[in-house]
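# Observations on chain architecture
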Amino acid sequence: MLDIRLIREDTQRVRQAMIDLGAMDAPVEEAIRLDARRRQILVDMEGLKAERNAGSKQIGALLRQGQTEAATQQKEAMTALGARIAGLETELKQVEADLNWAMLTIPNLPLPEVPIGKDDSENVVIRIVGEWPTFDFVPRPHWELGEGLGILDLERGVKLSGSRFYVLKGLGARLQRALIAWMLDVHTQQHGYTEVYPPVMVREACLVGTGNLPKFGDNLYRDIEDDLWLIPTAEVPVTNLYRDEILEAEQLPIKHVAYTPCFRREKMSAGKDTRGIKRGHQFDKVEMVKFVTPESSRAELDSLVTDAEAICRLLGIPYRVVQMCTGDLSFVAAIKFDLEMWAPGCDEWLEVSSCSLFTDFQARRANIRYRPEPGGRPRYVHTLNGSGLALPRVMIAVLENYQQADGSVVVPEVLRPYVGAEVIR
RNA sequence: GGAGGGUUGGCCGAGUGGACGAUGGCGGCUGUCUUGAAAACAGUUAUACCGCAAGGUAUCGGGGGUUCGAAUCCCUCACCCUCCGCCA
C-alpha cells in the first residue's frame with residue numbers, strides 16, 4: 001500500500017509511475033476523490049459528535065438536579081443529532097471501504113533506477129556468471145534423465161494428484177532433501193540468517209499483508225471450512241511474523257531463511273511448462289526474508305542477491321542476473337532482480353530466484369514498524385525477500401548440467417556429504 | 001468436538017450506564033535534595049486522525065447492536081486459560 005499522503009500531495013509522480021508500470025487501470029483518481037470525501041465527512045461528523053457529547057453530559061447534570069422536563073427535551077435534540085451522525089457514518093463506511101479497496105489495488109512505485117519497459121522483453125541482463133558445461137553428446141532434458149535413473153516418476157504423480165504433480169524417488173528425493181539442508185546451512189552459517197519453520201496455512205490477513213490478496217487470490221489454494229489459505233511462498237508467513245508489531249532499531253536488520261513447500265494453482269498458465277518438474281502445483285523452496293531500515297534497504301537488496309548467487313556459484317552452475325523493467329515488476333516490488341540458471345537439456349534459462357525490495361509497501365499493509373530512537377515515533381520498516389533457491393528448478397539445473405553420456409549424473413561437490421553419493425546412476 | 005473462565009494503558013491491576021482516556025501500583029522521564037549515586041519528595045508519562053492554533057474526534061481484544069450517553073448491557077468473531085474427549 002502506498003501512503004495516501006503521497007498520492008494526495010505528489011499525484012503527478014504516482015500517475016507517471018502507473019504509466020511506467022503499465023498499470024493505467026490502477027484507481028489513483030478514485031483514491032484521491034474518496035480520500036477528499038472521507039476527510040470532509042470526518043470534519044462534519046466530528047463536529048456533530050462534539051455537540052452530542054456536550055449535550056449528553058448536560059442530560060446527566062439535569063437529571064441529577066431533578067429537571068426531568070429539560071432533560072427530556074435535551075434527549076429529543078440529541079436523538080435528532082444522532083440521526084444526522086448515523087447518516088454520515090453510513091456514508092463514511094462505504095467511502096472507507098471503497099478507499100481501502102482502491103489503496104489495496106494500487107501497485108508499489110518503482111525506484112527511479114528501474115529501467116522503463118513494457119514487458120519481459122525489455123528486462124536487462126546485468127551479468128552472466130560461470131562456465132558453460134561442454135558435452136560431446138546431445139544433453140538430455142531432466143525428465144528423460146530422471147525417469148531413466150528411476151528418481152523421477154511423472155506418471156504416478158499424475159495418478160495421485162493430477163497434472164503438474166510428480167514423485168521423487170530414491171536419490172532423487174535424497175538430492176532434493178540434500179539441497180534443502182545444504183542451502184539452509186549456507187544461509188544460516190555463512191550469511192547470518194536465522195532459520196524459521198512457519199505454518200504453511202495462513203489467515204487471509206497474512207496474504208493481504210504481502211500483497212497476494214485481494215488481487216491475486218485465483219492463484220491460491222484455500223480451505224473454505226476453516227478459512228485458511230495454503231501459502232504460495234514462505235514469504236507470506238515469514239513476512240507476517242512481525243505483523244502489527246513495533247520493532248526496536250537495534251533488532252534490525254532481521255534476516256530469516258525458511259524452507260517450506262509452496263502451493264500454487266497456476267491456472268493462469270495452463271498448458272505452459274507442462275513437461276517435467278519446472279512448474280508444479282506443489283514445490284519446495286528455501287526463502288530469505290529481511291526486515292531493514294529504509295536507509296539501508298537498497299544496499300540490503302544487493303547483499304540479498306549476492307546471498308542467492310552464492311548458491312549458484314557453489315553449485316558450479318552457470319547463471320545470469322536479470323533486472324526486471326517497470327512493465328515486468330510484480331505488484332508489490334519497487335525493484336527486482338531474478339536469478340536464472342542455465343539448463344542445457346531444456347535449452348533454456350530457468351528462473352530459480354526472484355529478489356525484491358518492497359520498500360514500505362508490505363510494511364504498511366502488514367503494519368510492521370520500528371522505533372528509530374527509544375521513545376521516538378515508529379516508522380515503517382522496509383521488507384525484502386529472495387528465493388534461495390526454488391528447488392525443482394535447481395534440481396533440473398543440477399541434473400542437466402552434471403549429466404554424463406551414459407545418463408548418469410555427477411553429484412556437485414558441495415552436495416556429496418548431504419547426498420551420500422558421488423554419482424547418481 | 002463438549003463444558004466453563006478470561007482479554008483494560010510499557011507491565012500489574014481497579015472499574016456493572018453519565019464528573020472515566022480510565023483509581024492505584026510498578027517501570028520510564030523531569031525536578032528538589034546530594035560531591036556523585038541511592039533513598040525520599042514533587043511533577044510528568046498512550047496512540048491515530050482533523051485543525052495555523054485553541055481545540056475536537058476516536059480507541060478498554062475485533063465487529064455489530066441497545067441508549068440522549070457504553071470499558072460497563074446484548075449479539076457475534078478472534079485469541080488465551082482450565083477440565084473432558086480425540087490424536088502424531
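Residues numbered from 1 in each chain as written. Chains lettered and ligands numbered in written order. Predicted model: local features only at pLDDT ≥ 70, side-chain atom pairs only at ≥ 80, totals over all residues. Heavy atoms only, no water.

### Some thoughts on the overall build of chain A
- A count of helices and strands for chain A gives 13 helices and 18 strands.
- Referenced to the eigenvectors of the C-alpha coordinate spread, the extents of chain A come out at roughly 100 × 45 × 45 Å.
- Counting only residues that meet the buried cut, chain A has 50% of its 425 residues in that class.
- For chain A, the share of sequence-separated contacts (at least 6 apart) that also reach a separation of at least 24 residues comes to 74%.
- Roughly 20200 Å² of accessible area belongs to chain A as shown, and the carbon and sulfur atoms make up 49% of that amount.
- Of note, chain A has its 51 positive side-chain charges centred 3 Å away from the centre of its 61 negative side-chain charges. (Helix = DSSP H or I, 4+ residues; strand = E, 2+ residues; numbered from the N terminus. Buried < 20%, exposed > 50% of the residue type's maximum accessible area, 1.4 Å probe, protein only. Contact = heavy atoms within 4.5 Å. Areas by Shrake-Rupley, 256 points an atom, 1.4 Å probe, with all protein chains shown as cover. Lys, Arg positive; Asp, Glu negative; His and termini not counted. Charge placed at Lys NZ, Arg CZ, Asp CG, Glu CD.)

### Here we look at the pattern of salt bridges
- Here the structure, examined in full by the defined rule, presents 25 salt bridges.
- With a closest N to O distance of 2.7 Å, E91 and R37 form a salt bridge. Taken together, the positions of E91 in helix α4 (residues 68-105) and R37 in helix α3 (residues 28-64) put the pair 54 residues apart, joining distant regions of the chain.
- The exposure class assigned to E91 is partly exposed, which follows from its relative accessible area of 31%.
- Across the salt bridge formed by E122 and K118, the nearest N and O atoms sit 3.2 Å from each other.
- Among the charged side chains, a network of salt bridges with common partners joins D3, R5, D360 and R364. (Salt bridge = Lys/Arg side-chain N within 4 Å of Asp/Glu carboxyl O.)

### What to know about the domain arrangement of chain A
- What the domain assignment reports for chain A is domain 1 (4-105) and domain 2 (120-424).
- Centre-to-centre, using C-alpha coordinates, domain 1 lies 44 Å away from domain 2.
- The contact between domain 1 and domain 2 buries some 610 Å² in all, and 65% of this surface belongs to carbon and sulfur atoms.
- Seen at the junction of domain 1 and domain 2, the total is zero salt bridges.
- Summed over the shared surface of domain 1 and domain 2, the result is two residue pairs in polar contact (both at pLDDT 80 or more).
- When the residues that make up the side of domain 1 that touches domain 2 are grouped by side-chain class, the tally is three nonpolar, one polar and one charged. (Domains from an automatic or database assignment. Buried area = accessible area lost by both parts, 1.4 Å probe. Polar contact = N/O pair within 3.5 Å; in protein donor to acceptor, adjacent residues only side chain to side chain. Nonpolar A, V, L, I, M, F, W, Y, C, P; charged D, E, K, R; others polar.)

### Concerning the protein's contact with RNA strand B
- Around RNA strand B there are 18 residues in total, and E46, A50, S56, I59 and R64 lie nearest to it.
- For RNA strand B, the backbone makes up 59% of the atoms found within 4 Å of the protein, where backbone means sugar plus phosphate.
- The contact in question runs from a base nitrogen of RNA strand B to an N or O atom on the backbone of S56, over 2.7 Å.
- In the model, a phosphate oxygen of RNA strand B is placed 3.1 Å from a nitrogen or oxygen of the R203 side chain.
- Of all the secondary structure elements, the ones that give two or more residues to the surface near RNA strand B are α3 and α4.
- Here the surface near RNA strand B takes 11 residues from α3, the largest share from any one element.
- Broken down by class, the residue content of the surface near RNA strand B amounts to six nonpolar, three polar and nine charged. (Near = heavy atom within 4 Å.)

### Thoughts on the nonpolar core
- Among the nonpolar cores identified, the biggest contains 105 residues, and M18, L175, L179, L301, L315, M341 and L389 are the most heavily contacted of them.
- Built from parts of two domains, this core gets at least three residues from each of domain 1 (4-105) and domain 2 (120-424).
- Residues within four places of M341 in sequence aside, it is in contact with C312, L315, I317, P318, Y319, E348, W349, L350, V352, L389, V394 and A397.
- If you look at the next biggest cluster of nonpolar residues, it comprises 15 residues, including V238, Y242, Y370 and V381. (Core = buried A, V, L, I, M, F, W, Y, C linked by side-chain atoms within 4.5 Å.)

### What to know about the environment of T260
- Along the chain, T260 turns up in strand β9 (residues 254-263).
- Taking the C-alpha atoms as reference, T260 lies 13 Å from V289; in sequence the two are 29 residues apart.
- Ignoring any residue separated from it by four or fewer positions in sequence, one finds T260 in contact with P198, V200, I231, A234, F283, D284 and K285.

### Re the side chain of K336
- As for its position among the elements, K336 is in strand β12 (residues 335-343).
- Of the side chains bearing the opposite charge, D338 lies closest to the buried K336, which forms no salt bridge; the N-O distance is 4.3 Å.
- Each residue touching K336, except ones within four places of it in the same chain, is listed here: V322, Q323, M324, L329, S330, S354, C355 and S356.

### Topic: the sheet that holds strand β8 (residues 245-248)
- Taken together, three strands build an open sheet; the order of strands is β8-β14-β15 and the sheet is mixed. Each edge of the sheet is formed by a strand with only one pairing partner; in this case those strands are β8 and β15 (379-380).
- The sheet contact formed by β8 and strand β14 (residues 368-371) spans four bridges and is parallel. Within the sheet, the bridge partner assigned to E248 lies in β14 and is R371. (Pairing = 2+ DSSP bridges.)

### What about the packing of helix α7 (residues 170-189) against helix α12 (residues 391-401)?
- The contact between α7 and α12 brings their axes to 10 Å, and the two run at 115°. Classified by the angle their axes make, α7 and α12 are roughly perpendicular. Considering the relative orientation of α7 and α12, their crossing is right-handed. Residues G172, L175, Q176, L179, I180 and M183 of α7 form the contact with α12, whose participating residues are L391, V394, M395, V398 and L399.
- Residues that form the contact of α7 with α12 fall into these classes: nine nonpolar, two polar and no charged. (Axes fitted to C-alpha atoms, helices over the stretch in contact; angles between N-to-C directions. Parallel < 35°, antiparallel > 145°, perpendicular 65-115°, else oblique. Left-handed = near helix turned anticlockwise from the far one by under 90°.)

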